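Given next are the chains, with one letter for each unit.
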Amino acid sequence: MRSLVLLLAVLALGGCMNVSDMAEGTRYHMSDVGLLDHSDSRRVNNIRIQPDSFIYIAQGAFAPPGIASPRPNVVAEEAFNGFIEYFPMVRRARAPEGLDAAMGEARAAGAHYLLYTRFAKADDRIGNADDLIDQERSDRLGIDSGVIQIMLIETSTQYLIDTARIKSRGGLLTFYDNRPEDLLGPPLEQYARSLLGLSDQ
């Protein structure tokens, strides 16, 4: 009898939600408590831009303080990968560069906007046996984290359209063999969606 009541309760709850909604809710709550990767994006403005906008993506040469040493142009690369699905006209700088140089290249390419990024902070914790041997410090075992900053600038007027700060941290179940730059893809794609006014779903 108990099994029948439990089965009916599960079926009743299952009828209230789609399976995809339950999976997304579970993923959200697991990332919120720290089991899966999590990011927190804070935008200054809630503007939208046209989907046919031409965006030039560049990264500053600033190296984040700390032990982490991410690839030099990794934020621009991940931003390009996140934006290309939503904006058909996207170009990326080949190497890190200053803001003036990036603005000059964006204007020369005919871009409407410059998306200028930088890795403000990165904490690369020990996530595998090789890292443990390299760093020789067991107190560094743990979850990676990072902070990136974004500026969206209109190239014709050099007006700052939007700024954002994205703070990412790894999860307890996903920290093995992970790096701070591995956490950048999903929040940058979410930022691209928000520029079009699309929901996170």
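Here, residues in each chain are numbered from 1, in the same order as that chain's written sequence. Whole-chain, interface and lining totals are the exception, using all residues; otherwise, since this is a predicted model, local features are given only for residues with pLDDT of at least 70 and side-chain atom pairs are given and counted only at 80 or more. Here the side-chain values reflect all heavy atoms present in the structure, with hydrogen atoms and water set aside.

Participant: Help me understand the overall build of the chain, please; the structure alone is not making it clear to me.
Facilitator: Working definition: helices are DSSP H or I runs of at least four residues, strands are E runs of at least two. Numbering for both runs from the N terminus. Looking only at helices and strands, one finds six helices and six strands in the chain. Along the chain direction, N to C, the helices and strands of the chain fall in the order α-α-β-β-α-β-α-β-α-β-β-α. Residues classed as buried in the chain amount to 38% of the 201 residues present. For accessible areas, the Shrake-Rupley method is used with a probe of radius 1.4 Å. Any residue's cover is judged against the shown protein chains and nothing else. Summed over its atoms, the accessible surface of the chain is roughly 11700 Å², and 55% of this surface lies on carbon and sulfur atoms. Here the term buried applies to any residue with accessible area under 20% of the maximum for its type, exposed to any over 50%, and partly exposed to those in between, with areas from a 1.4 Å probe on protein chains only.

Participant: For this particular structure, what's the right way to read the packing of aromatic side chains?
Facilitator: Aromatic ring pairs: the centre-centre distance and the angle between the two ring planes describe each pair. In summary, the pairing rule links any two rings of Phe, Tyr or Trp, Trp by its six-membered ring, whose centres are within 6.5 Å, and it sorts them by plane angle into stacked for under 30 degrees, edge-to-face for over 60 and tilted for everything else. As enumerated under the stated definition, the model contains two aromatic pairs in all. Members of the aromatic cluster, each reached through a chain of ring pairs, are Phe83, Phe87 and Tyr191. Geometry around Phe62 places Arg118 over its ring, the cationic atom sitting 4.4 Å from the centre. As a reminder, the over-ring test applies to NZ of lysine and CZ of arginine, requiring each to be within 6 Å of the ring centre and within 35 degrees of the ring normal.

Participant: Even after reading the chapter, I still don't get the nonpolar core, so can you show me in this structure?
Facilitator: Across soluble globular proteins, nonpolar side chains show a tendency to be buried alongside one another. Residues grouped as a nonpolar core are buried Ala, Val, Leu, Ile, Met, Phe, Trp, Tyr and Cys residues, joined through side-chain atoms within 4.5 Å. Membership of the largest hydrophobic core comes to 27 residues, with the highest contact counts inside it found for Ile55, Ile57, Phe83, Phe87, Leu115, Leu152 and Tyr191. Counting residues per element, the ones that place at least two in this core are β2 (54-59), α3 (74-83), β4 (113-123), β5 (145-154), β6 (160-169) and α6 (185-196). Residue contacts are counted whenever heavy atoms from the two residues lie within 4.5 Å of one another. Other than its neighbours up to four places away in sequence, Leu152 contacts Ile47, Ile49, Tyr113, Leu114, Leu115, Tyr159, Leu160, Ile161, Asp162, Tyr191 and Leu195. In this structure, Ala58, Ala106, Leu114 and Tyr116 belong to the second largest nonpolar core, which totals eleven residues.

Participant: What should I look at first to understand α3 in this one?
Facilitator: Since there are 3.6 residues in each turn of an α-helix, residues three or four apart along the chain are aligned in direction. Summarising burial for α3: seven of the ten residues are buried, a large majority. Every buried residue of α3 is accounted for by Val74, Val75, Ala76, Glu78, Ala79, Gly82 and Phe83. Elements in contact with the buried residues of α3: β2, β3 (89-92), β4, β5 and α6.

Participant: It is not clear to me how the side chain of Ser53 should be interpreted in this structure. Could you clarify?
Facilitator: Tracing the chain through its elements places Ser53 in the loop between β1 (38-43) and β2. N or O atoms closer than or at 3.5 Å make up a polar contact, with two conditions inside protein: a donor-capable atom paired with an acceptor-capable one, and, for residues adjacent in sequence, both atoms drawn from side chains. From its side chain, Ser53 meets the backbone oxygen of Gln50 in a polar contact 2.8 Å long. Those residues in contact with Ser53 that sit more than four places away from it in its chain are Phe87, Met89, His112 and Tyr113.

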